[in-house]
2 protein chains.
Amino acid sequence: MHIVQPGMEIDVLKENNKIANENYRLLKSHKIKSVDFMGSIGAGKTALIIKLAEKLRAKGVRVCAIAGDVTGADDYGRFEKSGLEAVNCNTGHECHLDANLVKKSLAKVDLGRYDVVFIENVGNLVCPADFPLGTDYRVVVVSTTEGDDMVRKHHDIFLHSDIAILNKMDIADAVGVDPNVIMEDYKKLTGGLKTMYPCSARKDEGIDEILAALGF
Amino acid sequence: MHIVQPGMEIDVLKENNKIANENYRLLKSHKIKSVDFMGSIGAGKTALIIKLAEKLRAKGVRVCAIAGDVTGADDYGRFEKSGLEAVNCNTGHECHLDANLVKKSLAKVDLGRYDVVFIENVGNLVCPADFPLGTDYRVVVVSTTEGDDMVRKHHDIFLHSDIAILNKMDIADAVGVDPNVIMEDYKKLTGGLKTMYPCSARKDEGIDEILAALGF
């Protein structure tokens, strides 16, 4: 639900950021590294998280996930099926997670058992930008199937995230998209300071580079 | 921007619906048929609208488009390049069009010159659902690249739309998605009353069926 009412907007964002700070301190007190994965429907966030978690688990890193969705348990089910322990977090109607929903989900996790928490936000490239959850990293995932113009259309989420990932490199040709256009737009938007990480979660390409960017 | 505040929510929706009714009456007074195309980033809304408009123009139907985006003029540029006259409508920050933005865009159109107005909403499968714009039809466009679970995850927009379209049928195999799962989910959600229209805007497949569903 979306309301343009400047005064209230600030109150809501302030309250979100206050709880985000609490989440951050809670996670840090357990020495947990946390990542918020944002991106549109079909960007491949679930597949990417599963792949990253597999590689980390192989190194002995203990990972859990929070699966954010408006409704249903599809992503949660995919996490569990892959062997990744997860909590399902439905927003009910809202188009993004917020810090309070994450706080409630973290309360369901035995934090002493994990080194890493991956949070999959609701499939949406616009709305999650305004709501930090209290994670170490905010990651935006886009895919080649979304066309070559998504950076030009959606500045906010790219500017509000620490790392950008371009997924589904393996089908760029099939969908007729030039990944270089997207990566160049991102470079321009971030003043040449940041690089977008290309990958294919399905083909297991570019995953190690992403883990390195996340400090693993 | 998203605020959960039940009282205000109702006020904003009421105000939106009031202006949507004004838009509807304005369009009807000019005997214009109008369609709101909603769907995620990369669903192929722009390509589909261009293809529908081409076929209509070939029949002598006069079409114009409103290109809704958070920022930029990419879709507007694609419309104009295809020969489809259009108005660019940037929301600035908001993740969906609303009736008031459409009212302002319609004020820029010489309505006497057109039979049809196609409105492309912002790329987002969640938020536009709550904001009718005053069109004859609300259409939701999804694509096979979004995975087979989008109907299960996003009830609202499917229930709030008159027609659902499944685009990019030509690359369903390449992305490993079974379109039948999506179409069956939609049938279940709508109690077997409604059928999802499969198409490929790029390959020009299934377009005539969509035009027929829109009463052309």
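Source: prediction; values computed, not measured.

Draft legend 1. A look at the pattern of salt bridges. The tally for this structure, following the rule as stated, stands at 31 salt bridges over all chains. Here Lys153 of chain B makes a salt bridge to Asp75 of chain A, at a shortest N to O gap of 2.9 Å. Here Asp75 of chain A lies in helix H3 (residues 74-81) and Lys153 of chain B lies in helix H5 (residues 150-153), a pairing that spans two chains. Assigned by exposure class, Lys153 of chain B and Asp75 of chain A land together as buried. When the shortest N-O distance is used, the salt bridge between Arg152 of chain A and Asp185 of chain A registers 2.7 Å. Taken as a pair, Arg152 of chain A in helix H5 (residues 150-153) and Asp185 of chain A in helix H8 (residues 179-189) lie far apart in primary sequence, 33 residues in all. Classification of Asp185 of chain A as buried rests on a relative accessible area of 11%. Each member of the salt-bridge network shares a partner with another, and the members are Asp69 and Asp75 of chain A together with Asp149 and Lys153 of chain B.

Draft legend 2. Looking closely at the layout of surface pockets. Considered as a void within the structure, the largest pocket measures approximately 720 Å³ in volume. Along the walls of the largest pocket sit 36 residues, with Gly147 of chain A together with Gly44, Ala47, Arg78 and Lys168 of chain B positioned nearest its centre. At the level of secondary structure, the elements contributing two or more residues to the lining of the largest pocket comprise H5 of chain A together with helix H2 (45-58), helix H3 (74-81) and strand S4 (116-123) of chain B. Taken together, the residues that form the lining of the largest pocket break down as nine nonpolar, twelve polar and 15 charged. When its volume is computed, the second largest pocket comes out at roughly 620 Å³. Taken together, 32 residues form the lining of the second largest pocket, with Gly44, Ala47, Arg78 and Lys168 of chain A together with Val175 of chain B sitting closest to its centre. Take the lining of the second largest pocket: its biggest share by element is six residues, from helix H2 (residues 45-58) of chain A. A class-by-class count of the residues in the lining of the second largest pocket yields seven nonpolar, ten polar and 15 charged.

Analysis parameters
Residue indices begin from 1 for each chain and proceed along its sequence in written order. Chains and ligands are labelled sequentially in the order written, the chains with letters from A and the ligands with numbers from 1. Under the rules for a predicted model, residues below a pLDDT of 70 receive no local features and side-chain atom pairs below 80 are neither given nor counted, while totals for whole chains, interfaces and linings still include all residues. Side-chain metrics rest on all non-hydrogen atoms present in the structure, leaving aside hydrogens and water. When a carboxyl oxygen of Asp or Glu lies within 4 Å of a side-chain nitrogen of Lys or Arg, that pair is called a salt bridge. Only runs of H or I of at least four residues qualify as helices and only runs of E of at least two qualify as strands under DSSP, and these elements are numbered from the N terminus. Buried residues are those whose accessible area, probed at 1.4 Å on protein chains only, stays under 20% of the maximum for their type, while exposed residues exceed 50% and partly exposed ones sit between those limits. Lining residues are defined by having an atom within 4 Å of a point belonging to a cavity or pocket. Those points lie on a 1 Å grid over the protein atoms alone, cavities being sets where a 1.4 Å probe fits but cannot get out and pockets being open sets with protein on both sides within 12 Å along at least five of seven lines. Grid points are joined across faces, edges and corners, and a volume is the space filled by probe spheres set on the points. Each residue is assigned to one of three groups, with Ala, Val, Leu, Ile, Met, Phe, Trp, Tyr, Cys and Pro labelled nonpolar, Asp, Glu, Lys and Arg labelled charged, and all others, Gly among them, labelled polar.

Function-wise, these values are silent; they only describe arrangement.
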